[in-house]
Structures are given as C-alpha cells and as structure tokens.
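Results of the structural survey
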Amino acid sequence: AQRVTQPEKLLSVFKGAPVELKCNYSYSGSPELFWYVQYSRQRLQLLLRHISRESIKGFTADLNKGETSFHLKKPFAQEEDSAMYYCALSGGGNTGKLIFGQGTTLQVKP
Amino acid sequence: NAGVTQTPKFQVLKTGQSMTLQCAQDMNHEYMSWYRQDPGMGLRLIHYSVGAGITDQGEVPNGYNVSRSTTEDFPLRLLSAAPSQTSVYFCASSTGTAVTAFFGQGTRLTVV
C-alpha cells in the first residue's frame, strides 16, 4: 500500500540549530516525493521536489530508496521557518493525486 | 492570474444541511483534487478529476459528490452534512503527477 509517515507531530528547536523533519514512505515502484509547507493562515505551497534536487530557503531533502526515506534538513533554523510541513508522495497513474503524511509542526524559538 | 480560488472561506452548517464548496482555477490545469485536513491525519484525498467529465473517488469519498463540467471548475457537494465532516477543505490543481500542485486557500467548515 502507498503510505507516507511523518513520525513527529511537533519539532521544536532554537534559532540557529539544525533541523531534520523525518519522512518515510511505502511505494512499489519509483516514487515521486515532495515537501509542502503551510505557513500560518496561508495556503499549502511546494517547498521541494526530489526530482529537482534543489535547495529552497536553505532546505534540502535526499531520497534514500534503501531506507525509503525523504527527510527534510536545514543546517541553521530561522524563526520564519516555523510552519507545518507535509511530506507527500505522488499517487501514480498520472492522476495528479498526492498521498500526504500526517504533517510536522516546526517551531523555531528565538 | 488568481491561481486556485476557493469559496467560501468559512462556513457553519447544521447537521443535515447541504452545500457546495466552490473551486476554480485559471491555469488550464487538467488535474484537480479535493482534500480534507484534520489534526493528526494530514491531508486525505476525497475526490479527484483528470479532466472535464472525468472524476474518481479518493481515500475518503463518503458523503461527498463532485462533478467536472469544465476544466476550470471542480465543486464539492455535501449532500447531508454531518459533524464528522467538520474540517478544512483544500482544492488543488496541477498539470500532471510529478509536478507542483497548486492549492486554494482552504474552506473551514463546521457542522453543528
């Protein structure tokens, strides 16, 4: 079955500390993975796509097929990074569907 | 370019009432989806569409109907609202599977 698991509901760090938001997935095939972010009172927006292998706002994520993980990392957290982060897996079949994890709230304290 | 627009932003319904959540996109995207967001559950897919006239059920379709008569619009209908449908609803559109999905600002629905 296709599934995305984000084990942490809340991650609280101090400004300047490293951040790692965990994401594990279950998918039979080649996964397409994403990180979406929802800032307070704003709509969800794309942060990263694994296929792009890019760094956005200092965040990176590497797909580890052996561990079926797609953890989101940032070396130095900023207060403006405080938000809800969702890991998502493409549902496949060229449908536009996304399968989301439960979400992790990142709280960056001053 | 408005992107994905949802109306209304907030709604309170009484149990048993019906209503339609509107979603419109102006990006000529083929794919559109409806999700509900509940605490601790993430976003769960209700219904989706791969083009005008084509819809299918997602993970949690019960109690909801959809139709897609045009590329731009994808309304979600609650036929007889129940308190379990209290949630935040998001509409999304995209050009495909492995590309960015664009989301509306959400509709916060409370059923009393």
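Residues numbered from 1 in each chain as written. Chains lettered and ligands numbered in written order. Predicted model: local features only at pLDDT ≥ 70, side-chain atom pairs only at ≥ 80, totals over all residues. Heavy atoms only, no water.

**Quick word on the state of the cysteines**
For clarity, the threshold we go by: Note on disulfides: each one is a pair of cysteine sulfur atoms within 2.5 Å. A run of H or I in DSSP counts as a helix once it spans at least four residues, and a run of E counts as a strand once it spans at least two, with each numbered from the N terminus. The buried label applies to any residue whose accessible area, calculated with a 1.4 Å probe on protein chains only, is under 20% of its type's maximum; exposed applies above 50%, and partly exposed to all values in between.
Evaluation of the coordinates by the stated rule reveals two disulfides over all chains. Disulfide partner of C23 of chain A: C87 of chain A, at an S-S distance of 2.0 Å. Note on the C23 of chain A and C87 of chain A pair: the S-S dihedral is about -65°, so by sign convention the disulfide is left-handed. Note that C23 of chain A is positioned in the loop between β3 (19–21) and β4 (24–26) and C87 of chain A in strand β9 (residues 83–90), a separation of 64 residues in sequence. This pair shows no difference in class: C23 of chain A is buried, exactly as C87 of chain A is. Note on cysteine connectivity: C23 of chain B is disulfide-linked to C91 of chain B, with sulfurs 1.9 Å apart. With the S-S dihedral at roughly -70°, the linkage between C23 of chain B and C91 of chain B falls on the left-handed side. Of this pair, C23 of chain B sits in strand β3 (residues 19–25) while C91 of chain B sits in strand β9 (residues 87–94), placing them 68 residues apart in sequence. A residue is classified by how much of its surface remains accessible, and C91 of chain B, at 0% relative accessible area, is buried.

**Regarding the confidence of the model for chain A**
To keep it simple, the criterion reads: For every residue, the predictor states its confidence as a pLDDT score lying anywhere from 0 to 100.
Overall, the predicted model of chain A reaches an average pLDDT of 92, with 100% of residues at or above 70. Here strand β6 (residues 45–49) of chain A stands out as the least confident element of chain A, with mean pLDDT 91; strand β11 (residues 104–109) of chain A is the most confident, with 98.

**Quick notes on the sheet that holds β3 of chain B**
Residues and elements named next belong to chain B. To keep it simple, the criterion reads: Pairs of strands are assigned from DSSP output, requiring at least two bridges between the strands. To get an axis, fit a line to the C-alpha atoms, keeping to the stretch in contact for a helix; angles then go from 0 to 180 degrees between the N-to-C directions.
Judged by pairing direction, the sheet is antiparallel, and its four strands sit side by side in the order β1-β3-β8-β7 without closing on themselves. Two strands lie at the open edges of the sheet, namely β1 (4–7) and β7 (64–66), each paired on one side alone. When strand polarity is set aside, the average angle formed by the axes of neighbouring strands in this sheet is 20°. Of the strand pairs in this sheet, β7 and strand β8 (residues 76–78) are connected by three bridges, and their pairing is antiparallel. If you follow N65 over to β8, its bridge partner there is R77.

**Describing the nonpolar core**
Here is the rule we go by: Definition used in this section: a nonpolar core is a set of buried Ala, Val, Leu, Ile, Met, Phe, Trp, Tyr and Cys residues joined via side-chain atoms within 4.5 Å. The contact criterion used throughout is that any non-hydrogen atoms of two residues lie within 4.5 Å.
Formed by 24 residues in total, the largest nonpolar core has its most connected members in L21, W35, L47, L72, Y85 and L106 of chain A. For this core, the secondary-structure elements that each account for two or more residues are β2 (10–14), β3, β5 (33–38), β6, β9 and β11 of chain A. With four residues, the single largest contributor to this core is β9 of chain A. Each residue touching Y85 of chain A, except ones within four places of it in the same chain, is listed here: Q6, L21, W35, Y36, V37, L47, F59, L72, G103, T104 and L106 of chain A. In terms of nonpolar packing, the next biggest core, distinct from the first, is built from 19 residues, L13, I46, L76 and L109 of chain B among them.

**Points about the interface of chain B and chain A**
Basically, it comes down to this: Accessible area that two parts lose when put together, evaluated with a 1.4 Å probe and summed over both, is termed the buried area. One speaks of a salt bridge when a side-chain nitrogen belonging to Lys or Arg is within 4 Å of a carboxyl oxygen belonging to Asp or Glu. Nitrogen and oxygen atoms within 3.5 Å of one another constitute a polar contact, given that in protein one can donate a hydrogen and the other can accept it, and given that sequence-neighbouring residues count only through two side-chain atoms. For this classification, Asp, Glu, Lys and Arg are treated as charged, while Ala, Val, Leu, Ile, Met, Phe, Trp, Tyr, Cys and Pro are nonpolar and the rest, including Gly, are polar.
Counting from both sides, the interface comprises 23 residues of chain B and, opposite them, 19 residues of chain A. Interface area, chain B with chain A, both sides summed: about 1,900 Å², of which 54% is carbon and sulfur. For the pair chain B and chain A, the number of links is zero salt bridges. Here chain B and chain A share six residue pairs in polar contact (both at pLDDT 80 or more) between them. The set of elements that each furnish at least two residues to the side of chain B that touches chain A consists of β4 (31–38), β5 (42–51) and β9 of chain B. With five residues, β5 of chain B is the largest single contributor of residues to the side of chain B that touches chain A. A breakdown of the residues in the side of chain B that touches chain A according to their chemical character gives 13 nonpolar, 10 polar and no charged.

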